[in-house]
Amino acid sequence: VTVWYYDALQQHLMEYLWVTTLKPPLTYLLHALVLLVFGAEQAYERHIFLVLAFFLDSVAVCLLYKAACRFKVWRGVAFAFCLLYSFALVPFELWRDGAHYDHHTLFFVAFFIYAGSRLVSGGGFRDVALTSFAGALLVAQSTTNSAVVPFAAAVVVLGAPQFRTNSMYLLKGVVLAAIGPVLVSGLLIAKNYLVAGIPAPSNLGGPAAMMFVQQALSYDEASLQRILVEADVPDWYLWCYKNAIAPLDPSGVPYQGWNFLAQSFGICYPWTAPESATWPFDFSPLYEHLQA
């Protein structure tokens, strides 16, 4: 799978960015940059994605420390907290060799918090623009933040005392802070609607929401399937939900407890070979169902 992903980023980056609606675009751009600089073979053998995750998280911890100091947190407490936090991050970074899109989320969240701390601690319109820029990057990297970041950026301006002295300055600050993340969200929504008819910044929230519903209903299969029917989900998703196949570990054994995850993400295609050099999935059951 990794080989095909690398090849897609190197040979078809623009098509990949245009067609894909599942994950945020900034992740693909970061991974494509790594492949451009190091090449696919070196990036894989030297664990460059893991190195990038370590580097970004290190910068993120420094930004969080600086933000805490700007919020008047005692430096010793801030340093101790960030030190412990950095150690706690290591197991997460090693997960999937640093190549998951969530490995970059901390950096962009920390950058947004740091920009907001500069603004609240007395910054001017330059820091408002920095907050807007940081918010735009955060939305582009984690599009589920589209509903939160614009409001958070506006609230930061409202919390800055230097802007509350003049209503016109306050209005300009709120608009400037929110315009970056709003613009990125709008572009992603427009692109995804043109490509897939989905008026949303990504469709990643669908499987995540389904996981929440599964837990809320204590994995009651009868209730879950009834809700799917009542919600009028696409026929292919309902079929995949009913015929979900748990992912396999490298030895070819199904991961324990992953069947519910396979249901929420619609994984209805068996693996042909877990370590195959070619595409290791068999979509023929779904294809035959769609052709029936």
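Trainee: Sorry if this is basic, but what is going on with a nonpolar patch on the surface here?
Mentor: Together, F71, V73, W74, V77 and I113 give the surface a local cluster of nonpolar side chains, amounting to about 490 Å² of exposed area. Tracing the sequence through the fold places F71 in the loop between α4 (48–70) and α5 (75–94). A relative accessible area of 42% places F71 in the partly exposed class.

Trainee: So what exactly am I meant to see when it comes to the packing of aromatic side chains here?
Mentor: Geometrically, a pair of aromatic rings is defined through the distance of the ring centres and the angle of the planes. In this structure the tally under the stated criterion is 12 aromatic pairs. A ring pair is formed by F107 and F111, whose centres lie 6.3 Å apart and whose planes are at 20°; its orientation type is stacked. Here F107 pairs with F111, and both are found in helix α6 (residues 105–120), just four residues apart, close to one helical turn. With relative accessibility at 16%, the residue F107 sits in the buried group. Here F111 falls in the buried class, since its relative accessible area comes to 15%.

Trainee: Explanation requested: the pattern of salt bridges in the structure shown.
Mentor: Any two side chains of opposite charge can pair, given that their charged atoms come close. Here the structure, examined in full by the defined rule, presents one salt bridge. In this structure, R118 and D127 form a salt bridge, with 2.7 Å as the shortest nitrogen-oxygen distance. Relative accessible area serves as the criterion here: at 25%, R118 is assigned to the partly exposed category. Residue classification places D127 among the buried residues on the basis of a relative accessible area of 8%.

Trainee: Explain unusual backbone geometry here, please?
Mentor: For residues that are not glycine, phi is negative in most cases, and the peptide bond is trans in most cases. With a phi close to 55°, H47 is a non-glycine residue in the positive phi region. Looking at the element boundaries, H47 is found in the loop between α3 (25–45) and α4. On the accessibility criterion, H47 (39% relative accessible area) is partly exposed. Here the phi dihedral of S218 falls at roughly 55°; this positive angle occurs in a residue that is not glycine.

Trainee: I keep staring at the environment of D235 and nothing clicks. Help me out?
Mentor: Relative to the assigned elements, D235 resides in helix α12 (residues 235–242). Note: C-alpha distance between D235 and L290 (55 residues apart in sequence) is 8.8 Å. Reaching out from D235, the side chain makes a polar contact with the side chain of H289 at a distance of 2.9 Å.

Trainee: Can you help me understand α4 in this one?
Mentor: Every α-helix carries 3.6 residues per turn, so stepping three or four residues along brings you back to the same face. End to end, α4 covers 33 Å across 23 residues, agreeing with the expected 33 Å (1.5 Å per residue, within 8%). Following α4 by one or two positions, K72 has its phi on the positive side, about 70°.

Trainee: Please clarify how the environment of H103 should be interpreted in this entry.
Mentor: For H103, the location among the structural elements is in the loop between α5 and α6. H103 sits 54 residues away from F49 along the chain, and the two C-alpha atoms are 9.4 Å apart. Setting aside chain neighbours within four positions, we find H103 in contact with A53, D57, F92, E93, W95, R96 and G98. A polar contact of 2.8 Å, which involves the side chain of H103, links it to the backbone oxygen of F92. Here W95 takes part through its backbone oxygen, which lies 3.0 Å from a polar atom of the side chain of H103.

Trainee: Which parts of the structure should I look at to understand the state of the cysteines?
Mentor: By definition, a disulfide links the sulfur atoms of two cysteine residues through a covalent bond. A full pass over the atoms with the stated rule returns one disulfide. Across a sulfur-sulfur distance of 2.3 Å, C240 and C268 are joined as a disulfide pair. Of this pair, C240 sits in helix α12 while C268 sits in the loop between α13 (259–264) and α14 (284–291), and the two are 28 residues apart along the sequence. Taking relative accessible area as the criterion, C268 reaches 2% and is therefore assigned buried. Free cysteine C62: the closest other cysteine sulfur is in C82, separated by 8.2 Å. This cysteine, C69, is not joined by any disulfide, and C82 carries the nearest cysteine sulfur, 8.1 Å off.

Rules used throughout
Residues numbered from 1 in each chain as written. Predicted model: local features only at pLDDT ≥ 70, side-chain atom pairs only at ≥ 80, totals over all residues. Heavy atoms only, no water. Patch = residues over 30% accessible without salt bridge, like charges linked within 9 Å, V, L, I, M, F, W, Y side chains within 5 Å. Areas by Shrake-Rupley, 256 points an atom, 1.4 Å probe, with all protein chains shown as cover. Salt bridge = Lys/Arg side-chain N within 4 Å of Asp/Glu carboxyl O. Helix = DSSP H or I, 4+ residues; strand = E, 2+ residues; numbered from the N terminus. Buried < 20%, exposed > 50% of the residue type's maximum accessible area, 1.4 Å probe, protein only. Phe/Tyr/Trp six-rings, centres within 6.5 Å; stacked < 30°, edge-to-face > 60°. Polar contact = N/O pair within 3.5 Å; in protein donor to acceptor, adjacent residues only side chain to side chain. Expected span 1.5 Å × (residues − 1). Contact = heavy atoms within 4.5 Å. Disulfide = S-S within 2.5 Å.

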